[in-house]
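Structural overview for review
Residue-level listing of the chains:
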Amino acid sequence: MKNPYAALGISDAVYAFGEKKLAQLQDRFAQIDAMAERNQAKVLHALQENRVDAACFAATTGYGYNDVGREKLEQVYAACFGTEAALVRPQITCGTHALAVALSANLLPGDELLSPVGKPYDTLEEVIGIRPSPCSLAEYGVTYRQIDLLPGDCFDYDAIAKAITPKTKMITIQRSKGYATRLSFSVEKIGELIAFCKKCKPDVICMVDNCYGEFVQEREPSEVGADLIVGSLIKNPGGGLAPIGGYICGREDLVSRCAFRLSAPGLGQEVGANLGLLPSLFQGFFLAPTVVAGALKGAVFAAAVYESLGFRVIPPSNAERCDIIQAVEFGTREGLLAFCEGIQAAAPVDSYVTPIPWAMPGYDSEVVMAAGAFVQGSSIELSADGPLRPPFAAYFQGGLTWYHAKTGILMSLQKMVDAKIVEV
Ligand SMILES: *Cc1c(COP(=O)(O)O)cnc(C)c1O
């Protein structure tokens, strides 16, 4: 086969190397396609069951009272994720905001929050008050406890049982590894942990940070006992089309409190104009299972390419996937930078810029980021980032289509070859 990427600057040797790896991944790709097929049917059923029609796409402004489309979209999310209720809004600005709303709506002064899976995502440290911050939960008298994972990423059940006290109001479980080097948790494993926590305290509220996990497996954490699942629409469930937004799905009483926190007590879910965004939110959700499948193929391909070149990859190419994130440890600054340059050079937008490391607030080392996305900051689109400290790991995710994710990986490999870091 002729190299279709020659005009983009990918050599015949790099292309051929990629094709050889790809030939070994056909079974994995078939599994990913089978998952997308199941999840596509699930989303379609939720749309049909709720009788979505053209009237749902009308724009509302101002208060947004009686917004039929907004209500339908929330019913579709609830049906698809198997929950009583859903709050899906462009007024939720990002994943951190959605998580902050879910936590602050359901924790009152004197309550305690427990993370039984170690340190939460970086931005939640300020939400919780692990790093002092104005308006953190800590400032409002909510305390926090954390139980770290045991070696092998196992739950420390003895310590968790001891940490759950009458004060423990909520449990937060992060599905994806974030910037940690642990594995991400499967929905099944999350279900076991929730069952254990509920055995210790039946009325404890279990929330799952579902970022990057949607549609990767057949079920969502809400289908194995989570009272709330929370995520961002510029990741998996927005399907690349949502320009902004977040969701909180779960028990009716808990989601309703989230709506009061997001808008105002007394107003809740009744206000919030859709500003004409509903077609993208509906259509993005419809496309999300196939978009996620493309991103997953890209992650598996990246793992296969880089593990065969001797780099440590997390997870390995043959491992079960629980989210769309792929980490590759390059071991050197040059390796990490070359990889990110390749991802940037493959972008449909801003492909001509060179990613430069910078000292990002909240990080203890410089960070390099590569992204050229249609939606700014969208990480369901092809993107990569990594802190410039050992082990110089790149965290890679997204790709709106499998072919684009593939181009990104081939381009990253080309940059590594050009910099004489690897040979193919
Ligand atoms: C992305 C992410 C968040 C925060 O989302 P933002 O949209 O960046 O605020 C929280 N938790 C996890 C696991 C994430 O991946």
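Residues numbered from 1 in each chain as written. Predicted model: local features only at pLDDT ≥ 70, side-chain atom pairs only at ≥ 80, totals over all residues. Heavy atoms only, no water.

1. A closer look at the layout of surface pockets
Put simply, the test is: Grid spacing is 1 Å over the protein atoms alone, the probe is 1.4 Å, and a cavity is where that probe fits but cannot get out, while a pocket is an open set with protein on both sides within 12 Å along at least five of seven lines and lining residues have an atom within 4 Å of a point. Grid points are joined across faces, edges and corners, and a volume is the space filled by probe spheres set on the points. Only DSSP runs of H or I with at least four residues qualify as helices, and only runs of E with at least two residues qualify as strands; both kinds are numbered from the N terminus onward. Nonpolar residues are Ala, Val, Leu, Ile, Met, Phe, Trp, Tyr, Cys and Pro. Charged residues are Asp, Glu, Lys and Arg, and all others, Gly as well, are polar. Residue ranges for the domains trace back to a domain assignment, done automatically or taken from a database.
Taken as a whole, the largest pocket encloses approximately 950 Å³ of empty space. Surrounding the largest pocket, 41 residues form its lining, Tyr121, Tyr179, Tyr212, Gly377 and Ser379 being those nearest its centre. Put simply, the parts of the chain that give the lining of the largest pocket at least two residues each are α4 (95-106), α5 (122-128), β10 (367-371), β11 (383-387) and β12 (393-397). Partitioning the lining of the largest pocket into residue classes produces 19 nonpolar, 15 polar and seven charged. Here the lining of the largest pocket spans two domains, and each of domain 1 (2-40 + 286-418) and domain 2 (57-277) adds at least three residues to it.

2. Looking at helix α7 (residues 187-200)
A turn of α-helix holds 3.6 residues, and therefore any two residues three or four places apart point the same way. This is how the line gets drawn: Working rule for helices: expected span equals 1.5 Å times residues minus one. The buried label applies to any residue whose accessible area, calculated with a 1.4 Å probe on protein chains only, is under 20% of its type's maximum; exposed applies above 50%, and partly exposed to all values in between. Residues count as neighbours in contact if any of their non-hydrogen atoms are within 4.5 Å of one another.
Between the first and last C-alpha of α7 there are 20 Å, a value that for 14 residues agrees with the 20 Å anticipated at 1.5 Å per step. When α7 is considered as a whole, its buried residues turn out to be Val187, Ile190, Gly191, Leu193, Ile194, Phe196 and Cys197. In this structure, the buried side of α7 is in contact with α6 (157-163), β4 (168-174) and β5 (205-209).

3. Considerations on the site of the ligand
Cut-off, in case you're wondering: Each residue is tested against the molecule or strand, and it is near if at least one of its non-hydrogen atoms lies within 4 Å. Whenever a nitrogen or oxygen atom comes within 3.5 Å of another N or O atom, the pair is scored as a polar contact, on the condition that within protein one atom can donate a hydrogen and the other can accept it, and that pairs from neighbouring residues in sequence are kept only if both atoms are in side chains. For the area figures, the Shrake-Rupley method with a 1.4 Å probe applies, and any residue is considered shielded solely by the protein chains shown. Assignment to a cavity or pocket requires that more than half of a molecule's atoms be within 2 Å of the site's grid points.
If you check the shell around the ligand, you find Cys94, Gly95, Thr96, Leu99, Tyr121, Gln174, Asp209, Cys211, Tyr212 and Lys235 and nothing else. Within the contact set of the ligand, an oxygen atom lies 2.8 Å away from a backbone nitrogen or oxygen of Gly95. A distance of 2.9 Å separates an oxygen atom of the ligand from a polar atom in the side chain of Lys235. The protein chains hide 89% of the 380 Å² of surface that the ligand would expose on its own. Comparing atom positions with the cavity grids shows the ligand to sit within the largest pocket. The element best represented in the shell around the ligand is α4, accounting for three residues. Across the shell around the ligand, the residue classes break down as five nonpolar, three polar and two charged.

These figures come from the coordinates and say nothing about function on their own.
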